[in-house]
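# Summary of structural features
These are the residues of each chain, in order.
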Amino acid sequence: MQEVETNLQEVVFDYLHATAYQNTALGRTILGPTENIKSINRKDLVDYITTHYKGPRIVLAAAGGVSHDELLELAKFHFGDSLSTYKGETPALPPCKFTGSEIRVRDDKMPLAHLAIAVEAVGWAHPDTICLMVANTLIGNWDRSFGGGMNLSSKLAQLTCHGNLCHSFQSFNTCYTDTGLWGIYMVCEPATVADMLHVVQKEWIRLCTSVTESEVARAKNLLKTNMLLQLDGSTPICEDIGRQMLCYNRRIPIPELEARVDAVNAETIREVCSKYIYDKSPAIAAVGPIEQLPDFNRIRSNMCWLRN
């Protein structure tokens, strides 16, 4: 926990979830408060495992040189009847409501401001997920160690590099069962926080109104490349099988996934981004010297353009 608290990106994302999903299960940190860690005992652990570690919530995945029949026998032997069902009803997942809001932790002694801004996205199995993944890839990521300058493919990277607006930024698309967070995390100098946020929101509005086919084609190719690069060994493939079984109840074949990415075009990006980004209340978490961070109402008003 102490290690996590020294990683400011982790801290900002904990704050982001705490404000976006306030008073729900997703708003709590994974590690929990210190008093819980200190008071936990053997009975608590045993009760938790016997309640939740059951067949409907377990995926046994294997990849590489594995005999399927042998794996089945081992599964029957080790995970037999005791784990296969719940006594009574399966514990229901509580719904997690998104709230547009903010958390500010101002500390002027820190050298850099760390902030994240996100809108509510969708769960893993939602049809708009792939489109939001392409939009996320389109925004991209950047830090000062990147070469390329004004020749970078991401428009936002070009603007931040040209204006020297931040040290780094990273777009994210975090999916859960029935909700998600789509946004950007950035690290800025105290004096450039407002300008960087303005440029980010302007770029988000551009996704909703005037993104081009060539940009979308580049993002689709990059997304497909990144997806395949993640499957470069039996361990990541095994993880991928487990994750997809939990999310989709099946493993989506790569040709199907590629076809779903290829089906996205500039028009669908504009439609989906307008649905989830345009004129929506964001959740914001900011830590550090954030005096220049605009008021929440001003940030909210920049989520749309007023036109004649």
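Below is a short write-up of the structure. By convention here, each chain's residues receive numbers from 1 onward along its written sequence. This being a predicted model, a pLDDT of at least 70 is required before a residue's local features are given, and a value of 80 or more before pairs of side-chain atoms are given or counted; all residues contribute to the totals for chains, interfaces and linings. To get the side-chain values, take all heavy atoms of the structure and skip hydrogens and water.

### Looking at the layout of surface pockets
Here is the rule: Detection works on a 1 Å grid of protein atoms alone, calling trapped sets that fit a 1.4 Å probe cavities and calling open sets with protein on both sides within 12 Å along at least five of seven lines pockets, with lining residues defined by an atom within 4 Å of a point. Grid points are joined across faces, edges and corners, and a volume is the space filled by probe spheres set on the points. Note on residue categories: nonpolar means Ala, Val, Leu, Ile, Met, Phe, Trp, Tyr, Cys or Pro, charged means Asp, Glu, Lys or Arg, and polar means any other residue, Gly included.
The space that makes up the largest pocket amounts to roughly 1100 Å³. Lining the largest pocket are 41 residues, with Met-133, Leu-223, Asn-226, Met-227 and Gln-230 sitting closest to its centre. Classifying every residue of the lining of the largest pocket gives 20 nonpolar, 14 polar and 7 charged.

### Focus: helix H11 (residues 234-248)
As a reminder of what qualifies: Helix and strand assignments come from DSSP, with helices taken as H or I runs of at least 4 residues and strands as E runs of at least 2, each series counted from the N terminus. A helix's residues, less one, multiplied by 1.5 Å, set its expected span. Each residue gets one of three labels from its accessible area relative to the maximum for its type: buried under 20%, exposed over 50%, partly exposed in between, using a 1.4 Å probe on protein chains only.
Here H11 contains 15 residues, and its C-alpha end-to-end distance of 20 Å stays within 8% of the 21 Å for a straight helix at 1.5 Å per residue. Residues of H11 that are buried: Asp-240, Ile-241, Gly-242 and Gln-244. Once H11 finishes, Asn-249 follows within two positions and takes phi at roughly 65°, a positive value.

### Things to note about the pairing of strand E5 (residues 180-188)
Stated precisely, the cut-off is as follows: One requirement defines pairing of two strands: DSSP has to find at least two bridges between them.
Burial analysis of E5 places 9 of its 9 residues in the buried class, which makes it a mostly covered element. A two-sided burial pattern is seen for E5, the buried positions comprising Gly-180, Trp-182, Ile-184, Met-186 and Cys-188 on one face and Leu-181, Gly-183, Tyr-185 and Val-187 on the other. As paired elements, strand E2 (residues 113-121) and E5 share 9 bridges and run antiparallel to each other. Paired with Ala-118 across the bridge in E5 is Gly-183. One ladder, built from 8 bridges, connects strand E4 (residues 168-175) with E5; its direction is antiparallel. By the bridge assignment, Ser-171 is partnered in E5 with Ile-184. What sits between the antiparallel neighbours E4 and E5 is a turn of 4 residues.

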